[in-house]
Amino acid sequence: MEKANVKLLTEDGRRIDGRGLNELRKFRVEAGVLKNADGSAYIELGRNKIMVAVYGPKEVHPRHEALPDRMLLRCRYSMLPFSVADERKSPSPTRREVEISKVIREALEPAIFLEEYPRTSTDVFIEVIEADGSTRVASITAAAVALADAGIPMKDLVVGVSIGKIEGRLAIDLSGIEDQRGEGDMPIALMPRLNEITLLQADGSFSRDEIAQALQMVREAAIKLYEEQRRALKDRYSKLPVEVEIT
Amino acid sequence: MPIHVSGGQVIVPGEFVAEGSCEVMGPHIISGKRYYAKVLSVAVIEKPKRVRLIPLKRRYIPTEGDLVVGKIIDVGPTYWLVDINSPYTAFLQVSEVFPRPAPKERDLSEIFQVGDLVAAKVLSFDFSHDPLLTVKESKLGKIEKGLLVEVASSRVSRVIGKKGQVIDYLRSILNVELIVGRNGRVVVMGSEPEREALAAYVVQRLCAEPYVADPLEEAKKLLSRQLTRGEST
């Protein structure tokens, strides 16, 4: 399929939305936004709006799925029908959503002390309210906050950042159009303190040098998101209001 | 400085707490000589070289000998299933209710029905088997009346206080009995509904804050504020 000619990068290195190559979109993270969930978080990354709810640790249903030596982590990534620009998305899980649910689970698992609660389960529900590229990494960033908010023991928070190639140059945090029209993208999740990578996918071709450079750029961007995650959790509980219910 | 956090600070998982020769209490990870937090918690500096991390949210994990307040959720042929506000559902076996030999062919729902509250003790628990409960001790068994207050299980110890001082205080002032379940369920029983409600309020408020330095003082303060307000109106 031939791509329409869209200029993603100006001569002076500005992107379609005016960002530089190693500039993240505007972001905001909030923790503990839902009352009914054990832990929750909300993230805005550019036009992405994602809500995450965590339930657990709790008893496993169905029971036979319980693991004798560790906690079962289940993730469900799902996009709301109005989350995408073009047509209304069918609410049934697509092949893509099933895959993303799996990779998110695998990106979060290394950070959690699963063995502390054997024979239990924790469910992570990720709802994409509005999508504009890099939703899987934004979901990971929010899910880590929601897990911490639920009191799940963790080694570190997990931060997701995407990087891609537009007009032959590496660019951090791809937006929807850059993802579609660019030459490749690489979602990466990592634990910043431990400097361990928990997710690395790639679409398109990258040279060895490009990958090394990409990882460096991702690390720098991840620190900013990591600070925001910590701020969100601290703010939520520092001004601990004594909850007064007005009836 | 061996301790890198200040008192009252919220600590997120993976955050650097302290290093070198100091004591870190509460859930943490040690890597070399550095201490990191494991769960979302609040730091309390207890001594110049001791920091305690109090988890903000934590599911109750049964421990042998704990007094818990359970809710019957199912009646089996020789046991009851009890919800103890934990990821693990507890069993209460007939042999732990009656002296041996247990009466045969008896409808167990005559003793505890679904929905009943029981005060029980954790007989045994390891992570590979569900916890077993017993009611074969004084003051254990079905809870017939009272107000149930649900609080965070990680904060319930302050309702007891040092050597049960808070319980004793509430009992002496309000004439109420308290059953404090380690699983975060507290039952307040009193002869007068107002006093019951007042005690329930104190319990709830005591557990609302992530950290209370002196639970007894706090309880006194809360109660006196309520009592003076009651008199003025």
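## Points about the overall build of chain B
Broken down by element type, chain B carries four helices and 16 strands. Here the C-alpha coordinates of chain B stretch approximately 65 × 55 × 25 Å along the principal axes. Counting over 233 residues, chain B shows a buried share of 39%. A separation threshold of at least 6 residues defines the contact pool for chain B, and within that pool the share at least 24 residues apart is 58%.

## Brief notes about the overall build of chain A
When helices and strands are counted, chain A shows four helices and 10 strands. Reading the secondary structure of chain A in the N-to-C direction produces β-β-β-β-α-β-α-β-β-α-β-β-β-α. Against the globule reference of 18 Å for 247 residues, chain A gives a C-alpha radius of gyration of 19 Å, in line with a compact fold. Each principal axis of the C-alpha atoms in chain A carries an extent, and together these give about 55 × 45 × 40 Å. Looking at chain A residue by residue over its 247 residues, the buried ones come to 45%. The contacts of chain A with a sequence gap of at least 6 include a subset with a gap of at least 24, amounting to 70%.

## Section: the interface of chain A and chain B
Size of an interface, as often reported, equals the accessible area lost when the parts are brought together. Taken together, the 26 residues of chain A in the interface contact 21 residues of chain B. Among the elements that take part in the side of chain A that touches chain B, helix α4 (residues 208-238) of chain A stands out by supplying five residues, more than any other. Of the residues contributing to the side of chain A that touches chain B, the split by class is 13 nonpolar, three polar and 10 charged.

Criteria and cut-off values
- Within each chain, residue numbers correspond to sequence positions counted from 1 in written order.
- Both sets of labels track the order of writing: A upward for chains, 1 upward for ligands.
- Where local features are concerned, this predicted model is filtered to residues with pLDDT of at least 70; where side-chain atom pairs are given and counted, the filter is 80 or more; whole-chain, interface and lining totals use all residues.
- Every helix listed is a DSSP run of H or I at least four residues long, and every strand listed is a run of E at least two residues long, numbered separately from the N terminus.
- The burial label depends on the number of other C-beta atoms within 10 Å of a residue's C-beta. Counts of 20 or more mean buried, 12 or fewer mean exposed, and intermediate counts mean partly exposed, with C-beta atoms placed from the backbone.
- Contact definition: two residues whose C-beta atoms, as placed from backbone geometry, lie within 7 Å.
- The globule rule is 2.2 Å times the number of residues to the power 0.38, and the radius of gyration it is compared with is taken over C-alpha atoms.
- Only Asp, Glu, Lys and Arg are considered charged, only Ala, Val, Leu, Ile, Met, Phe, Trp, Tyr, Cys and Pro nonpolar, and every remaining residue, Gly among them, polar.

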